[in-house]
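Fold and contact review
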There are 2 protein chains.
Amino acid sequence: MVTLAEVARHAGVSASTVSYVLSGKRPISEPTRRRVRASIEQLGYQPHAGARALASSRSRIIALMVPLRTDMYVPVMLEIAVAVATTARARGYDVLLLTGEEGPSALRRVTGSGLAEAVILMDVQLDDGRLPVLRGAAPPAVLVGLPADPAGLNCVDLDFAAAGALCVEHLAGLGHREIAVVGGSPGVYARHTGFAERTLGGLRDRAARLGVGLLHRPCDGSHDAVAGVLARILDERPAVSAFVVQNETAVEPLLSLLRRTGRAVPEDVSVVAVCPEAVAERASVPLTAVAIPAQELGRRAVERLFARLTDPDGPAATGVELLAPVLTARESSGPPPVRRRTD
Amino acid sequence: MVTLAEVARHAGVSASTVSYVLSGKRPISEPTRRRVRASIEQLGYQPHAGARALASSRSRIIALMVPLRTDMYVPVMLEIAVAVATTARARGYDVLLLTGEEGPSALRRVTGSGLAEAVILMDVQLDDGRLPVLRGAAPPAVLVGLPADPAGLNCVDLDFAAAGALCVEHLAGLGHREIAVVGGSPGVYARHTGFAERTLGGLRDRAARLGVGLLHRPCDGSHDAVAGVLARILDERPAVSAFVVQNETAVEPLLSLLRRTGRAVPEDVSVVAVCPEAVAERASVPLTAVAIPAQELGRRAVERLFARLTDPDGPAATGVELLAPVLTARESSGPPPVRRRTD
DNA sequence: CCGCTCCGTCGAAGCGCTTCGATCTTTCGC
DNA sequence: GCGAAAGATCGAAGCGCTTCGACGGAGCGG
């Protein structure tokens with residue numbers, strides 16, 4: 001392994017000079033800098049990460065905690081994770097992968113040992129067990145998701161309440177008066193995962209305000225479950241003319257079942273989803289949907305983290321950032337069938 | 001931050017003693033050990049990762065390189081990644097997340113700087129650009145996937161060729177004489193991703209040996225693409241009575257389309273998939289399928305890596321490990337319709 | 001032409017940990 | 001009962017890097 005000292009010797013300068021060339025923290029004359037750079041190149045020098053972390057007490061690593069549950073839409077998770085890694089790399093940081101399984105202690109471990117300078121948490125519950133560790137100044141952290149009490153925390157998320165409202169608005173605007181919500185899997189609600197409840201809240205508020213009927217049913221993504229939920233909904237509220245789907249894996253089963261039971265989309269029923277754009281575009285009927293901006297979430301999380309790292313008391317050091325939802329109308333939504341209106 | 005020295009002072013021993021208590025590399029008397037442990041507990045001591053890495057030249061970190069492409073089945077990737085992280089943690093190692101984007105240089109960077117002791121690569125292509133870096137002794141590495149020339153490399157993968165053969169065997173055993181393969185997306189073949197080509201090889205070999213007709217068509221997962229491919233297949237080979245699907249996202253569209261065109265599964269056509277068990281179980285028709293053992297792959301990869309780390313010239317230090325495929329018969333496969341036979 | 005201020009560079013002191021002798025007891029075999 | 005081996009602990013020397021204070025020399029104002 002090539003060390004700083006060897007580079008220094010090779011370039012005929014002192015070790016500290018090489019260090020300053022690398023860090024730019026003190027002025028170095030152009031010729032010297034060139035010479036040092038050349039030596040680094042020739043010897044294939046790579047600074048030792050541990051030594052660096054020790055001397056500077058900055059590891060240039062951030063930890064990312066991903067859930068290991070699989071009842072959420074997994075591709076979104078991976079996309080966020082990849083966006084985090086990519087953004088962090090662009091800033092010279094690496095990303096340590098932590099699984100949710102380890103819980104709060106993992107956060108203490110990686111920050112307490114100086115392994116990671118900061119953490120990003122995904123899949124935050126409304127009342128998350130990892131939050132106590134993060135309150136106060138503890139380790140710098142950004143949550144992707146919104147807990148019940150975000151005071152003193154730094155959060156980024158899609159504004160799911162607004163997303164829910166947007167769906168209802170869109171459908172009500174088209175003339176629908178009875179809307180059914182095919183929700184996330186029951187486990188998501190049982191765990192009080194923030195996004196599911198917030199979407200529901202937004203849906204309900206707006207529905208109430210607009211005088212639109214709203215029926216919500218949790219639903220996991222298997223075909224049979226969707227079939228059961230659909231049957232119940234149609235049984236309880238025959239007048240339902242539109243569906244809002246928040247469970248991405250339920251999208252295709254739902255479309256397929258509607259088709260099979262002779263309901264055309266969007267002529268007979270409208271379907272609106274909250275899902276990644278890719279899913280909406282490739283569905284058997286291109287879906288009118290509020291996009292889940294996975295990449296953007298990952299990127300923003302990292303950017304907030306760096307803002308905090310750079311200026312611990314700066315404006316972005318804490319607080320909640322909710323991304324405004326965007327609804328893209330595609331082919332799955334339209335006015336309700338005429339007979340309904342004239343009934 | 002609490003240091004080793006402070007713990008030592010608190011416990012009334014020397015620093016080295018504390019270190020030996022922690023590492024167990026030299027015998028320490030029971031009373032002393034207890035005292036030290038108590039001090040560690042009381043002070044909340046956590047060894048500094050960087051200092052450790054520097055002094056011992058072992059970072060206790062392995063790097064995991066995930067693809068950032070999304071034309072493969074993403075949940076499998078995440079599942080492997082999580083399995084890697086979990087298994088590594090059980091051995092006291094952490095996992096650094098690298099994206100494929102960075103390419104070979106990232107491998108050099110993280111191993112050359114001592115950040116990671118070893119690497120695991122996912123989504124290996126038949127002729128992968130990252131392989132040259134890994135040949136020889138370079139950084140210890142395990143590939144999940146199988147390149148064209150695995151000489152000198154350490155690989156784990158599902159035996160996709162055998163998986164393909166197994167599918168054909170199963171269908172031929174039921175009496176099918178014409179089989180169509182709905183393959184991965186065209187990009188997968190264009191990139192020469194190993195698993196796709198190997199599956200196809202296995203399918204073809206076995207089909208040829210058993211005298212069964214085989215038609216292969218790449219297909220990306222969108223509904224429209226599946227519809228197009230299905231139409232072509234039925235047009236070109238009307239006698240096809242069974243499908244093998246390797247593209248998980250194409251599964252539901254295919255089932256839905258078969259249904260719509262009045263073909264009952266499995267009465268009229270059989271469908272066999274190569275996909276994760278979860279997908280097979282939750283499909284609208286539970287699928288006869290060869291499971292992709294994502295967790296097992298992740299686990300085995302880490303275990304092989306540790307074997308290599310522990311004993312660099314041991315038996316497991318190199319070579320290929322192919323997991324035997326397992327086909328589980330569910331409800332999507334059965335004998336071909338009788339009229340076909342008597343035609 | 002003198003004292004001052006920068007600029008560019010160096011030397012040395014750590015950062016917190018591991019590890020290698022070395023030292024001092026014990027314990028044990030014969 | 002004595003030497004040798006094993007057990008328990010310590011001190012010190014790094015690991016490779018960052019960073020602070022210092023220092024010689026050049027450039028400048030007066």
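Nothing here was measured: the structure is a model prediction, and the numbers come from that model. (Residues numbered from 1 in each chain as written. Chains lettered and ligands numbered in written order. Predicted model: local features only at pLDDT ≥ 70, side-chain atom pairs only at ≥ 80, totals over all residues. Heavy atoms only, no water.)

Observations concerning the overall build of chain A
Keep this limit in mind: To qualify as a helix, a DSSP run of H or I must reach at least 4 residues; to qualify as a strand, a run of E must reach at least 2; elements of each kind are numbered from the N terminus. Per-residue accessibility, obtained with a 1.4 Å probe over protein chains only, is compared with the maximum for each type, and a residue is labelled buried under 20%, exposed over 50%, and partly exposed between these values. We call two residues contacting when some pair of their heavy atoms lies within 4.5 Å. Surface accessibility follows the Shrake-Rupley procedure with a 1.4 Å probe radius. Residue values consider only the protein chains on display as shielding. Just so you know, the count uses Lys and Arg for positive and Asp and Glu for negative, and it drops His and the chain ends. Where a charge lies is defined by one atom per residue type, namely NZ (Lys), CZ (Arg), CG (Asp) and CD (Glu).
Scanning chain A from N- to C-terminus turns up 15 helices and 12 strands. Along the first, second and third principal axes, the C-alpha set of chain A runs to 90 × 40 × 35 Å. The buried share among the 343 residues of chain A stands at 55%. Within chain A, contacts between residues at least 6 apart in sequence are counted, and of these 72% link residues at least 24 apart. Surface summary for chain A: the accessible area is close to 14,000 Å², and the carbon and sulfur share equals 53%. When the 38 positive and 36 negative side-chain charges of chain A are each reduced to one mean point, those points stand 6 Å apart.

Some remarks on the domain arrangement of chain A
For clarity, the threshold we go by: How far each domain reaches was decided by an automatic or database domain assignment.
Split into domains, chain A comes out as domain 1 (4-47), domain 2 (61-158 + 294-324) and domain 3 (160-292 + 328-342). Summarising the inter-unit geometry, the C-alpha centres of domain 1 of chain A and domain 2 of chain A are found 36 Å apart.

Comments concerning the interface of chain B and chain A
For clarity, the threshold we go by: Two parts placed together each lose some accessible area; with a 1.4 Å probe, that loss summed over both constitutes the buried area. Basic side-chain nitrogens of Lys or Arg form a salt bridge, by our definition, when they fall within 4 Å of a carboxyl oxygen of Asp or Glu. The residue classification treats Ala, Val, Leu, Ile, Met, Phe, Trp, Tyr, Cys and Pro as nonpolar and Asp, Glu, Lys and Arg as charged. All others, Gly included, are polar. Only strands joined by at least two bridges in the DSSP assignment are considered to pair.
With 45 residues of chain B in contact, the opposing surface of chain A contributes 45 residues. Both sides together, the interface formed by chain B and chain A hides about 3,900 Å², and carbon and sulfur atoms give 64% of it. For the interface between chain B and chain A, the tally reads 6 salt bridges. Elements with a minimum of two residues in the side of chain B that touches chain A: α4 (49-56), β1 (61-66), α5 (74-90), β2 (94-99), α6 (104-112) and α12 (248-260) of chain B. A total of 9 residues in the side of chain B that touches chain A trace back to one element, the largest contributor, which is α5(B). In terms of residue class, the side of chain B that touches chain A is built from 22 nonpolar, 12 polar and 11 charged. Of the strand pairs in this sheet, strand β2 (residues 94-99) of chain A and β2(B) are connected by 3 bridges, and their pairing is antiparallel. Within β2(B), the residue paired with V95(A) across the bridge is L97(B).

Brief notes about the protein's contact with DNA strand D
Note the threshold: Near residues are defined by distance, with any heavy atom within 4 Å of the molecule or strand qualifying the residue. Under this definition, polar contacts are N or O atom pairs within 3.5 Å; protein pairs additionally need one hydrogen-donor-capable and one acceptor-capable atom, and for neighbouring residues in sequence, both atoms have to be side-chain atoms.
In the neighbourhood of DNA strand D, 28 residues make up the surrounding shell, with L4(A), R26(A), Y45(A), T17(B) and T32(B) lying closest. Sugar and phosphate atoms constitute 52% of the interface atoms of DNA strand D, taking the interface as everything within 4 Å of the protein. The contact in question runs from a base oxygen of DNA strand D to an N or O atom on the side chain of R26(A), over 2.2 Å. Within the side chain of R52(A), an N or O atom sits 3.0 Å from a phosphate oxygen of DNA strand D. The set of elements that each furnish at least two residues to the surface near DNA strand D consists of α2 (15-23) and α4 (49-56) of chain A together with α2 (15-23) and α4 of chain B. In terms of residues, the surface near DNA strand D owes the most to one element, α4(A), which gives 5 residues. Taken together, the residues of the surface near DNA strand D sort by class into 13 nonpolar, 11 polar and 4 charged.

Here we look at the side chain of Q125(B)
Checked against the element boundaries, Q125(B) lands in the loop between β3 (118-121) and α7 (131-134). When residues no more than four places from it in sequence are discounted, the contact partners of Q125(B) are R69(B), P147(B), R191(B), H192(B), T193(B) and G194(B).

Quick word on the sheet that holds β3(B)
This is how it is decided: Interaxial angle, 0 to 180 degrees, is taken between N-to-C directions of lines fitted to C-alpha atoms, where a helix line uses only the stretch in contact.
Overall, mixed pairing links the 12 strands, which are arranged β11(A)-β5(A)-β4(A)-β3(A)-β1(A)-β2(A)-β2(B)-β1(B)-β3(B)-β4(B)-β5(B)-β11(B) in an open sheet. In this open sheet, the two strands that pair with only one neighbour each are β11 (319-323) of chain A together with β11 (319-323) of chain B. Sheet twist, expressed as the mean angle between neighbouring strand axes with direction ignored, is 25°. Strand direction decides the pairing type here: strand β4 (residues 141-144) of chain B and strand β5 (residues 154-158) of chain B, joined by 2 bridges, are parallel. Its bridge partner lying in β5(B), V144(B) is registered against V156(B). α5(B) contacts β1 (61-66) and β2 of chain A together with β1, β2, β3 and β4 of chain B of the sheet and is inclined by roughly 85° relative to β2(A).

A closer look at the protein's contact with DNA strand C
Near DNA strand C, the surroundings consist of 28 residues, among which T17(A), T32(A), L4(B), R26(B) and Y45(B) are the closest. Between DNA strand C and T17(A) there is a distance of 2.4 Å, counted from a phosphate oxygen to a side-chain nitrogen or oxygen. Elements represented by at least two residues in the surface near DNA strand C include exactly α2 and α4 of chain A together with α2 and α4 of chain B. The dominant element in the surface near DNA strand C, judged by the number of residues it contributes, is α4(B), at 5 residues. Its residues assigned to classes, the surface near DNA strand C comprises 13 nonpolar, 11 polar and 4 charged.

Some words on the packing of aromatic side chains
Residue and element names in this part refer to chain A. Where we set the bar: Between rings of Phe, Tyr and Trp, where Trp is taken as its six-membered ring, a pair exists when centres lie within 6.5 Å; planes separated by under 30 degrees are stacked, by over 60 edge-to-face, and by other angles tilted.
According to the stated counting rule, one finds 4 aromatic pairs over all chains in the structure shown. Judged by centre distance (5.3 Å) and plane angle (50°), the ring pair of F160 and F195 falls under tilted. Of the two residues, F160 sits in helix α8 (residues 160-174) while F195 sits in helix α10 (residues 194-210), which places them 35 residues apart along the sequence. Neither residue differs from the other here; F160 and F195 are each classed as buried.

Overview of the relation of the copies chain B and chain A
The following threshold applies: A residue counts toward the fit only if its pLDDT is at least 70 in both copies, and the copies are then superposed by least squares on the C-alpha atoms of those residues.
By a simple turn and slide, chain B fits onto chain A: the slide is 0.0 Å along the axis, the RMSD is 0.1 Å, and the turn is 180°. On the angle and the small slide along the axis, the relation comes out as a two-fold axis. Interface overlap between copies: 100% of the residues of chain B at the interface are likewise at the interface in chain A, consistent with a symmetric, same-surface contact.

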